[in-house]
Amino acid sequence: MSGNDDTEKALKQWEEGTVSKTLTKFPEREPKFETISGVPVKRLYTPLDSGCQDYQRSLGFPGEFPFTRGVQTTMYRGRFWTMRQYSGYGTARETNRRFRFLLEQGQTGLSVAFDLPTQVGYDSDHPMAQGEVGKVGVAINSIADMEVLFDSIPLDKVSTSMTINAPAAVLLAMYIAVAEKQGVQMDKLRGTIQNDILKEYVARGTYIYPPKSSMRLITDTFKFCSEKMPLWNTISISGYHIREAGSTAAQELAFTLANGIAYVEAAVKAGLDIDSFASRLSFFFGSHSDFFEEIAKFRAARRLWAKIMKERFKAKDDESCKMRFHTQTAGCTLTAQQPDNNVVRVTLQALQAVLGGTQSLHTNSRDEALSLPTEQSVQIALRTQQIIAHETGVGDTIDPIAGSYYVESLTDETERRAEEYIQKIDLMGGAIAAIEAGFMQREIQDSAYEYQKRVDARKRIVVGVNMFTEKEDREFDYLRVNPDLEKEQVVQLKRLREKRDHGLWKEAMRSLRVAAQGEVNLMPFIISAVKAFATVGEICGVLRQVWGEYKAPDIM
Amino acid sequence: MSATQLVEGVLSGNRRDLARLISLIEDEEPSVPEALGQLYRHTGRGHIVGITGPPGSGKSTLVTRMTTEYRTRNKTVGIVCVDPSSPFTGGALLGDRIRMQEHALDREVFVRSMGTRGHLGGLARATSDAVRAIDAFGKDIIIVETVGAGQSEVEVIDIAHTILVIDVPGAGDDIQAIKAGIMEIADIFVVNKSDMPGAERKVTEINAMLDTDPRERAWRPPVLMTNARDGEGIAGLVDTIDAHRKYLVDSGLLAEKGLQRSREELKTIMEHKLTTELMEKLKGLPEYERAIKKIADRSDDPYSVAERLITKFLADYGRRVAESERKR
Amino acid sequence: MSSPKRIRVLVAKPGLDGHDRGAKVVARALRDAGMEVVYTGLRQTPEMIVEAAIQESVHVIGLSILSGAHNALLPRVTELLHKEGADDILVIAGGIIPEDDVPGLKKHGIAEVFGPGTRLSEIVDYIKAHVKL
Ligand code: B12
Ligand SMILES: Nc1nc2c(ncn2[C@@H]2O[C@H](COP(=O)(O)OP(=O)(O)O)[C@@H](O)[C@H]2O)c(=O)[nH]1
Ligand SMILES: [Mg+2]
């Protein structure tokens with residue numbers, strides 16, 4: 001390796017000569033530099049650093065193991081990523097209007113945000129739902145609401161992502177039933193249910209049942225979809241929420257993959273063949289504000305998952321090793337102060353996601369820290385993606401950042417740090433044990449607190465917040481959800497309960513209870529129940545009675 | 001508000017006054033001893049259960065489950081959870097309540113979290129008096145969860161009638177409780193997390209340990225298994241606590257413990273009073289300061305000085321008492 | 001001899017809101033400022049919050065809410081406190097609460113509202129200045 005020796009010598013000369021001379025006159029901005037996640041950053045990266053000495057093994061080619069450079073063979077030369085804005089508020093009718101607006105604006109996939117009562121399995125008339133109906137997502141009680149939600153949207157033409165976890169099976173069942181009414185069979189349906197309960201315990205909070213029963217429900221959906229819905233993503237294993245709760249990049253990656261490992265183990269234990277379901281697992285990451293670290297994270301994620309699938313789970317099919325993921329720009333980096341600046345942040349973060357090879361993307365709106373996005377704001381956010389896709393040329397060659405000494409080295413480092421965490425979690429008995437012991441939660445909280453202290457001490461600059469501030473914030477119009485919608489929704493729900501065939505409903509609920517007490521696959525029972533106009537609250541209520549509720553550990 | 005003003009409220013079942021009194025106890029408000037004195041006659045009814053064991057062993061979960069069980073048996077419950085205070089800032093995060101949400105709205109359950117405020121031994125300085133206040137308030141069962149920092153948390157023995165030592169199945173052969181030196185104080189051993197592998201082995205290990213105890217004991221601590229997460233073994237545990245209570249009563253140990261505790265307590269209070277008064281007297285006394293200097297330069301020794309000062313203090317004290325007697 | 005009085009704070013998450021990053025960061029900051037902080041976890045009803053505040057005899061209730069349900073839930077808390085005769089407890093809030101809603105909440109007894117970007121020291125200072133011990 002005489003080439004390396006030469007470089008090493010030259011580098012040393014540069015450091016000791018040119019650099020130290022310059023430093024005496026112009027000291028650097030900081031005594032040391034590090035990424036937002038705390039990875040040390042050197043002055044300069046050279047061929048000596050980049051870990052891709054073994055090109056074939058660590059990078060390879062797009063569409064081939066280990067997929068570092070991308071999961072699709074031609075990536076964005078074939079088709080751009082799916083532009084998918086997460087949206088939902090008020091009633092199904094209002095959200096349907098927003099969906100159609102977005103599709104008209106050139107959005108290429110749908111993404112449903114449900115309100116909190118729906119996400120924790122309560123109907124709009126539950127006492128805990130008071131004041132929350134339709135506030136931060138759309139309220140869906142029954143298949144009747146679901147029909148309105150997708151009114152005039154052909155379900156064989158769009159792909160739909162639903163951010164729903166504990167009640168994921170119920171909403172999937174409703175989607176199937178509504179499609180059937182539209183004349184679309186379930187094997188034609190494309191989309192994703194989030195269905196990732198483990199990160200709910202860790203970072204998102206919309207859990208209902210204890211881990212064991214939740215895992216059963218999830219493997220039931222895996223099994224059902226592997227037989228009947230070949231185009232459906234059965235889970236979106238999410239790091240986004242972990243990151244937004246305050247984690248570092250390596251923690252985001254590690255905890256997400258550790259959760260992924262737990263799901264795969266559960267499915268294998270339930271008797272599924274790895275190659276029968278693994279290709280339908282999808283992932284979801286955040287795109288935070290450290291430009292290169294994020295690109296490195298996406299690349300490391302693909303490589304690490306591919307290795308895990310092949311080595312740990314002995315997947316034979318390369319499809320099983322492909323990590324496909326959705327990305328969202330980091331809401332927690334967006335500020336209430338000078339909201340227009342957020343457009344710039346989102347642009348950079350979106351660019352990172354594209355350079356990192358994402359399959360779909362949500363760009364946050366400039367009013368992120370104020371309210372749900374207004375129509376104007378969400379339009380700018382969507383346009384941002386369209387500009388990146390159509391004007392910048394970044395999608396015209398595959399994985400264009402590869403070969404950057406810095407990014408390759410950071411890719412290795414992020415992977416290494418994540419693997420270290422995964423090992424630790426393995427030793428604790430896996431992700432579920434680690435979560436029950438509060439390990440992930442504590443790590444994330446520590447990082448979140450550390451970060452906040454750095455911002456407060458102005459060791460981390462946030463433009464408009466702790467530097468370049470303005471005295472008075474300008475008026476900014478924000479979205480208000482009409483509080484009367486709650487009453488309207490409750491009235492509708494009452495009417496539905498009176499109107500439906502009571503005998504049919506009762507029988508469906510009874511069978512569901514019996515099934516939940518036993519071990520059969522619950523999906524068919526849930527589908528029958530939603531077709532009998534059983535509500536989300538009723539179905540989840542039965543399961544609550546049979547399975548009990550999760551109690552969070554004290555991790556303070 | 002002073003502590004004595006709250007006594008009536010506490011005795012008439014006002015939980016807000018009880019809560020306030022506990023705060024005043026923690027803050028060492030001057031009228032607290034008097035208030036506790038007034039409450040004293042109303043105490044001694046509740047059964048006090050201490051729970052100790054390493055952090056994360058499931059103490060709070062177990063407390064919650066036991067409370068549910070006691071409630072189905074129509075017993076009212078008071079709970080005191082102690083968490084460590086930061087030695088640097090004095091602040092504390094008190095999170096045990098998170099686990100106890102199912103009792104949040106049950107008026108027959110009173111939960112209080114407490115920081116150690118620098119006190120060692122697994123409890124806060126105020127814990128003992130807080131338990132007494134809850135006792136006077138009328139709770140049937142009072143459960144005290146110690147810090148669980150793994151140090152020798154033996155102080156709970158001074159206040160509890162029945163002590164549960166919690167352990168969990170775990171890697172390695174050593175019993176955590178022994179390491180912590182709290183083996184001797186257990187009235188009941190609980191191997192929690194029985195759903196995890198190795199629980200039976202842990203039970204065997206603890207029993208083997210107990211076999212090596214040479215003392216003749218009428219109550220050999222039973223070793224129970226629980227799964228607090230799913231609520232298994234809880235009824236049995238509560239039965240065993242009842243049995244231990246019965247044993248204490250029947251054997252006369254409860255009465256004996258009562259005497260013992262009264263003796264200790266009187267001694268502590270007297271010591272405290274004497275030292276405070278003595279120090280109060282000596283503070284700033286030129287003679288006292290001179291004596292200290294002499295000790296330091298070796299021209300006198302601390303033993304003789306102490307003897308002299310105490311004798312003088314007691315003589316003065318006696319004279320003062322006799323004087324006030326005469327006046328009366 | 002007497003130990004210094006400690007400020008006791010209940011940090012609570014009313015309603016179904018699962019955003020706990022801010023609440024936990026604030027809880028830690030208050031601890032590091034020497035306060036005793038009781039945290040009760042997610043999904044608290046106003047009734048649960050008030051009961052915990054009373055049993056724990058806190059001086060301050062800090063409500064963290066980012067779910068948009070503040071107008072429905074926060075006034076319930078102060079109302080129940082009033083019913084218990086516990087108006088002396090300082091009630092403050094933080095999270096995503098639009099400017100327009102702040103005057104209404106203040107009218108209902110929420111002393112102050114802290115939005116995104118608030119420095120932790122600002123919260124600590126506010127409590128120290130306004131708490132009634
Ligand atoms: C992080 C985040 C998440 C994370 C939460 C992780 C976690 N465990 O906390 C994840 C990704 C899981 C998430 C999910 C959702 N989110 Co969110 N999220 C955010 C985001 C981007 C940042 C919040 C944050 O943590 N900031 C960092 C912390 C430190 O700041 P903070 O909470 O504001 O706290 C500061 C102050 O507010 C104040 N403060 C806060 N609490 C308290 C308490 C007291 C006592 C005091 C004194 C002060 C105080 O002091 C803190 C320090 O400065 C905001 C938008 C934004 N930029 O603010 C949206 C936002 C809050 N989310 C929103 C929504 C809609 C959701 C969802 C409901 C979407 C859906 N339909 O599924 C879900 C569901 C979550 C749930 N279970 O409730 C909306 C809420 C809209 C509204 N209220 O009108 C927002 C505003 C985004 C938007 N514009 O749409 N989210
Ligand atoms: N598997 C299992 N976990 C338990 C059991 N009891 C408690 N836990 C879990 O252990 C963790 C710590 O419990 P906690 O009660 O807070 O422990 P403490 O620190 O001793 O008070 C929580 O995540 C509980 O859910 C049990 O019997 N089995
Ligand atoms: Mg505990």
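Model, not experiment: these values are computed from the prediction.

Thresholds applied
- Residues numbered from 1 in each chain as written.
- Chains lettered and ligands numbered in written order.
- Predicted model: local features only at pLDDT ≥ 70, side-chain atom pairs only at ≥ 80, totals over all residues.
- Heavy atoms only, no water.
- Helix = DSSP H or I, 4+ residues; strand = E, 2+ residues; numbered from the N terminus.
- Buried < 20%, exposed > 50% of the residue type's maximum accessible area, 1.4 Å probe, protein only.
- Contact = heavy atoms within 4.5 Å.
- Areas by Shrake-Rupley, 256 points an atom, 1.4 Å probe, with all protein chains shown as cover.
- Lys, Arg positive; Asp, Glu negative; His and termini not counted.
- Charge placed at Lys NZ, Arg CZ, Asp CG, Glu CD.
- Donors = N, O, S within 2.8 Å, 3.2 Å for Na, K, Ca; no water.
- Buried area = accessible area lost by both parts, 1.4 Å probe.
- Salt bridge = Lys/Arg side-chain N within 4 Å of Asp/Glu carboxyl O.
- Nonpolar A, V, L, I, M, F, W, Y, C, P; charged D, E, K, R; others polar.
- Near = heavy atom within 4 Å.
- Polar contact = N/O pair within 3.5 Å; in protein donor to acceptor, adjacent residues only side chain to side chain.
- Pairing = 2+ DSSP bridges.
- Axes fitted to C-alpha atoms, helices over the stretch in contact; angles between N-to-C directions.

### Here's the deal with the overall build of chain B
Counting its secondary structure elements, chain B contains 11 helices and eight strands. The C-alpha extent of chain B, read off along each of the three principal axes, is 70 × 50 × 45 Å. In chain B, which comprises 328 residues, the share counted as buried stands at 47%. The long-range share in chain B, meaning contacts at least 24 apart out of those at least 6 apart in sequence, stands at 74%. On chain B, roughly 16500 Å² of surface is accessible, and the fraction owed to carbon and sulfur atoms is 55%. Across chain B, the 46 positively charged side chains and the 51 negatively charged ones have centroids separated by 5 Å.

### Considering the coordination of the cobalt atom of ligand 1
Among all protein atoms, only His-19 of chain C (NE2) binds the cobalt atom of ligand 1, sitting 2.1 Å from it. Along the polypeptide, His-19 of chain C turns up in the loop between strand 1 (8–12) and helix 1 (21–32).

### Quick notes on the interface of chain A and chain B
Accessible area lost on assembly of the parts is the figure often given for the size of an interface. On the chain B side, the residues contacting the six residues of chain A number seven residues. Between chain A and chain B lies a buried interface of about 660 Å² when both sides are counted; carbon and sulfur atoms form 53% of it. On the chain A side of the interface with chain B, the three residues burying the most area are Lys-551, Asp-554 and Met-556 of chain A, jointly 70% of the side's total. Taken together, the links from chain A to chain B amount to one salt bridge. The partner of Glu-436 of chain A in a salt bridge is Arg-229 of chain B, with the nearest N and O atoms 3.1 Å apart. Partitioned by chemical class, the residues of the side of chain A that touches chain B number three nonpolar, no polar and three charged.

### Focus: the site of ligand 1
Neighbouring ligand 1 are 44 residues; Tyr-86, Glu-368 and Ser-371 of chain A together with His-19 and Thr-118 of chain C lie closest to it. At the site occupied by ligand 1, the surrounding residues belong to chains A and C. In the model, an oxygen atom of ligand 1 is placed 2.6 Å from a nitrogen or oxygen of the Tyr-86 of chain A side chain. Between Gly-18 of chain C and ligand 1, the recorded distance is 2.6 Å, taken from a backbone N or O atom to an oxygen atom. Put simply, the parts of the chain that give the shell around ligand 1 at least two residues each are helix 4 (116–119), helix 7 (197–204) and helix 9 (240–244) of chain A together with helix 1, strand 3 (60–65) and strand 4 (90–95) of chain C. When grouped by side-chain class, the residues that make up the shell around ligand 1 number 20 nonpolar, 17 polar and seven charged.

### Observations concerning the sheet that holds strand 7 (residues 190–193) of chain A
Residue and element names in this part refer to chain A. Pairing is parallel in the open sheet, where five strands are placed in the order 4-5-6-7-8. Looking along the sheet, the strands with just one partner apiece sit at the ends: strand 4 (86–87) and strand 8 (232–233). When strand 6 (residues 159–163) meets strand 7, the two strands line up parallel, connected through four bridges. Residue Ser-159 lies in a different strand from strand 7, and its bridge partner there is Arg-190. Across the face of the sheet, helix 6 (residues 168–182) comes into contact with strand 6, strand 7 and strand 8 while running at roughly 150° to strand 6.

Honestly, that's just the spatial picture; any functional story needs more than this.
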